[in-house]
Amino acid sequence: MKITRDEVQRVARLARLELSAEELDAMTGQMDAILAYVEKLDELDTAGIEPTSHAVPMENAFREDLVRPSLGTEKALAAAPAGQNGCFQVPKVIE
Amino acid sequence: MELIHLSLHELRDKLREGEVTSVELTRAFLDRIEATDHRINAYITLCKEQALLDAAEADRRRALGCDLPLLGVPIALKDIFITEDVKTTCASKILSNYVPPYEGTASRKLKEAGAVLLGKLNMDEFAMGSSNETSAFGAVRNPWNLDCVPGGSSGGSAACMAASQAAATLGTDTGGSIRQPAANCGVVGLKPTYGRVSRYGVIAFASSLDQVGPITRDVEDCALMLQAISGFDPLDSTSVDCPVPDYRAELKGGVRGLKIGLPREYFIEGLDPAVKAAVERAIEVYKGLGAEMIPVSLPHTQYAVATYYLIATAEASANLARYDGVRYGVRSEAGTGLTSMYEKSRAEGFGAEVKRRIMLGTYALSAGYYDAYYLKAQKVRTLIRRDFLEAYKQADLMLAPVAPTAAFRLGEKTDDPLQMYLSDIFTIPVNLAGTCALSLPCGFDEAGLPIGLQLMGRPFGEAQLLQAAWAFEQATDWHKQRPAL
């Protein structure tokens, strides 16, 4: 067992995903199989190998600190499910 | 040949000669879409009225002496490209109502080159898939055999080209999503070197792997499209500031003396015999054209799929965190508070494959597992990239299959996600290495399904890649075949 149902439930919480009981069962089985497969990487000795987070050798992609036009509030709110007073509206955050 | 079956460069010539107008051409493609798309489902959104207006505008400009590289040419875009005021869904329920307020760079560049947008093309949801079966808007069918998949995730783009529903398209490739569907559908697909084309306005799946590329009728068309979209973009901090060559200047230069490497790890047991035979025939064609074949090795190939499914899923879990029902997209009515709103919106809006990948990625990045999974995968990625750079010390290019088989049947691999993942074995390594590669047609199997040949090139070696592809294409006539639709 690479991963338990409880761990899958915990990960779902982290990912802000609500899974039904059936989905949880199916997900546990599938994740277990995939995690077993990726253990293959343990065959390799990677001591002293630098990790690659970026395929192209590039550093410090900076730009000049100049102000440029941005999207604007109206356009930014145009696709929102709920908006009010120039803000995105969401369910109450603090009780 | 009917207009719709011609290549982009042939249509361009006709437009320039005044043999056809952009309006006539656009109408021809729109008619074709109407006649065929109910069987293929390549399009999610059709921009009928706007396309005809844009085409008329293109004709007006041409009459005034204007001549842009793609003036009046009707194209279509994978629905992963943000198009201002045109619905963009990424084939997901969660973005089913999303109309972007801005334009992405690749699509803007095509617009500025004069292209006419026919519509947005179907794909696997959030680009996660190899068969275009995970779309919230229904599966796409392979025009060569409607019971088969077109491949994925750019299945709509490849099927559109095979069905002659546009002059050219753009797709994206994260683990093979341009090359594999292009191979399955008998068309040309190119994944440029990472950083060659801007990712601004491309809905992100895995940011260190995603690349934009053309899916076209032939190699010259591919060069034309690549020319239009390439180049440094200050809006994409991962785009590389290096000059864009003229991709058509050396296109017809031939392959005499070119050293083509054959990586032994790509010619293994488990290759479909028809695929093996087609690729071996292609090798003979290249020898006949004067290329020298040399054996090479990419020793860490067998670790690529595992590496990819840790890195890509980890990056995806971060990139898809933004779909929370707050600023755009679908929000669940059933939320009982903020967290509940997030959880239910995402549960209702995402499909099973997307959820699976988010879960895997979240796990791989979580405390206690980060070192064993994500960090380990990044180190193996270094080894994989080194394999490629080493190989390019001996060979100019490499040649290999695109996939172990031709297109499989709809539903054949949907029960076993791991089986589906393993079919990406030959395309994934190039994404991990960040280098370029293309797929072009090289034959058919006994069932009449297309087989693709993969050519892999040096970092920023697209010109040489296209040159080698063009030579093979002109020595064969696979690119002239069309499915009977």
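Treat the numbers as computed from the prediction; the structure is a model and nothing was measured.

About the cut-offs
Residues numbered from 1 in each chain as written. Chains lettered and ligands numbered in written order. Predicted model: local features only at pLDDT ≥ 70, side-chain atom pairs only at ≥ 80, totals over all residues. Heavy atoms only, no water. Helix = DSSP H or I, 4+ residues; strand = E, 2+ residues; numbered from the N terminus. Buried < 20%, exposed > 50% of the residue type's maximum accessible area, 1.4 Å probe, protein only. Contact = heavy atoms within 4.5 Å. Buried area = accessible area lost by both parts, 1.4 Å probe. Salt bridge = Lys/Arg side-chain N within 4 Å of Asp/Glu carboxyl O. Polar contact = N/O pair within 3.5 Å; in protein donor to acceptor, adjacent residues only side chain to side chain. Nonpolar A, V, L, I, M, F, W, Y, C, P; charged D, E, K, R; others polar. Phe/Tyr/Trp six-rings, centres within 6.5 Å; stacked < 30°, edge-to-face > 60°. 1 Å grid on protein atoms, 1.4 Å probe; cavity = no way out; pocket = protein on both sides within 12 Å on 5 of 7 lines; lining within 4 Å. Points joined across faces, edges and corners; volume = space filled by probe spheres on them. Domains from an automatic or database assignment. Pairing = 2+ DSSP bridges. Axes fitted to C-alpha atoms, helices over the stretch in contact; angles between N-to-C directions. Expected span 1.5 Å × (residues − 1).

Caption draft 1: Structural detail: the overall build of chain A. When helices and strands are counted, chain A shows three helices and two strands. Mapped from its N terminus to its C terminus, chain A presents α and β elements in the order α-α-α-β-β. Across its three principal axes, chain A shows a C-alpha extent of roughly 55 × 45 × 25 Å. Each of the 95 residues in chain A was classed as buried or not, and the buried ones make up 26%.

Caption draft 2: Examining the interface of chain B and chain A more closely. Chain B puts 62 residues into the contact, and the matching count from chain A is 54 residues. Interface of chain B and chain A: buried area, both sides summed, is about 5300 Å²; carbon and sulfur atoms make up 68% of it. When residues of chain B are sorted by the area they lose upon contact with chain A, B:Glu343, B:Met359 and B:Tyr363 head the list and together hold 13% of the total. At the junction of chain B and chain A, the tally comes to four salt bridges. For the pair chain B and chain A, the interface holds 19 residue pairs in polar contact (both at pLDDT 80 or more). Put simply, the parts of the chain that give the side of chain B that touches chain A at least two residues each are helix H9 (304-319), helix H10 (338-349), helix H11 (352-365), helix H12 (371-394), helix H13 (417-422) and helix H14 (428-433) of chain B. If one sorts the elements of the side of chain B that touches chain A by residue count, H12(B) sits on top with 12 residues. Its residues assigned to classes, the side of chain B that touches chain A shows 33 nonpolar, 16 polar and 13 charged.

Caption draft 3: Region of interest: the packing of aromatic side chains. Residue and element names in this part refer to chain B. Enumeration over the complete set of coordinates arrives at 16 aromatic pairs over all chains. Relative to Phe350, the ring of Tyr323 lies with its centre 6.4 Å away and its plane at 90°, an arrangement referred to as edge-to-face. One end of the pair, Tyr323, is in the loop between H9 and H10; the other, Phe350, is in the loop between H10 and H11, with 27 residues separating them in the sequence. The residues Tyr323 and Phe350 share a single accessibility class, namely buried. Here the aromatic cluster, defined as three or more aromatic residues joined through ring pairs, consists of Tyr98, Phe126, Tyr323, Tyr328 and Phe350.

Caption draft 4: Spotlight on the layout of surface pockets. All names here are of chain B. Size it by volume and the largest pocket reaches roughly 500 Å³. The wall of the largest pocket is formed by 23 residues, among which Ile82, Tyr98, Tyr102, Arg322 and Tyr328 lie closest to the centre. Of the residues assigned to the lining of the largest pocket, the class counts are 16 nonpolar, three polar and four charged. When residues of the lining of the largest pocket are assigned to domains, at least three map to each of domain 1 (3-254) and domain 2 (302-379). Looking at the second largest pocket, its volume works out to about 340 Å³. Asp54, Lys111, Ala115, Val116 and Leu117 are, among the 20 residues lining the second largest pocket, the residues nearest its centre. For the lining of the second largest pocket, the secondary structure elements donating two or more residues are helix H3 (48-63), strand E2 (74-78), helix H4 (105-112) and strand E3 (116-121).

Caption draft 5: Spatial organisation of the pattern of salt bridges. Residues and elements named next belong to chain B. All told, the structure shown has 25 salt bridges over all chains when counted by the stated rule. Across the salt bridge formed by Lys48 and Glu34, the nearest N and O atoms sit 3.8 Å from each other. Here Lys48, found in helix H3, pairs with Glu34, found in helix H2 (residues 22-40); they are 14 residues apart in sequence, far enough to count as distant. Note that Arg199 is salt-bridged to Asp236, the shortest N-O span being 3.9 Å. Of the two residues, Arg199 sits in the loop between strand E5 (188-191) and strand E6 (211-216) while Asp236 sits in the loop between helix H7 (219-229) and strand E7 (259-263), which places them 37 residues apart along the sequence. By relative accessible area, which is 14% here, Arg199 ends up buried. For Asp236, a relative accessible area of 6% corresponds to the buried category. It is possible to trace a salt-bridge network through shared partners that takes in Arg16, Arg62 and Asp67.

Caption draft 6: Highlighting the domain arrangement of chain B. Residue and element names in this part refer to chain B. Domain boundaries assigned for chain B yield domain 1 (3-254) and domain 2 (302-379). Once you take the C-alpha centre of each, domain 1 and domain 2 turn out to be 28 Å apart. If you look at the interface, domain 1 gives 21 residues, while domain 2 gives 20 residues. Between domain 1 and domain 2, a total of about 1700 Å² is buried, with carbon and sulfur atoms accounting for 64% of that surface. For the domain 1 face of the interface with domain 2, the top three residues by lost area are Ile94, Met128 and Phe205, together amounting to 38%. Taken together, the connections running from domain 1 to domain 2 amount to zero salt bridges.

Caption draft 7: Spatial organisation of the sheet that holds strand E8 (residues 292-296) of chain B. Residue and element names in this part refer to chain B. Overall, mixed pairing links the 11 strands, which are arranged E1-E3-E2-E4-E6-E5-E10-E11-E9-E7-E8 in an open sheet. Each edge of the open sheet is held by one strand with a lone partner, namely strand E1 (43-46) and E8. If you compare each strand with its neighbour and ignore which way they point, the axes differ by 30° on average. Two strands pair when backbone bridges link them, and strand E10 (residues 436-444) and strand E11 (residues 450-457) are joined in this way by eight bridges, in the antiparallel orientation.

Caption draft 8: Region of interest: helix H15 (residues 462-474) of chain B. Residue and element names in this part refer to chain B. For H15, which comprises 13 residues, the first-to-last C-alpha distance of 18 Å matches the rise-based estimate of 18 Å (1.5 Å per residue) to within 8%. Most of H15 is tucked away, with 10 of its 13 residues classed as buried. At its buried positions, H15 is contacted by E5, H7, helix H8 (273-288), strand E9 (397-401), E10 and E11.

Caption draft 9: Geometry of H11(B). Taking 1.5 Å of rise per residue, 14 residues should cover 20 Å, and H11(B) covers 20 Å from first to last C-alpha, within 8% of that figure. With respect to burial, H11(B) is a largely interior element, 12 of its 14 residues being buried. Those residues of H11(B) that sit buried are B:Glu353, B:Val354, B:Lys355, B:Arg356, B:Arg357, B:Ile358, B:Met359, B:Leu360, B:Gly361, B:Thr362, B:Tyr363 and B:Ala364. Among the structural elements, helix H1 (5-14) and helix H2 (21-38) of chain A together with H9, H10, H12 and H13 of chain B are those in contact with the buried residues of H11(B).

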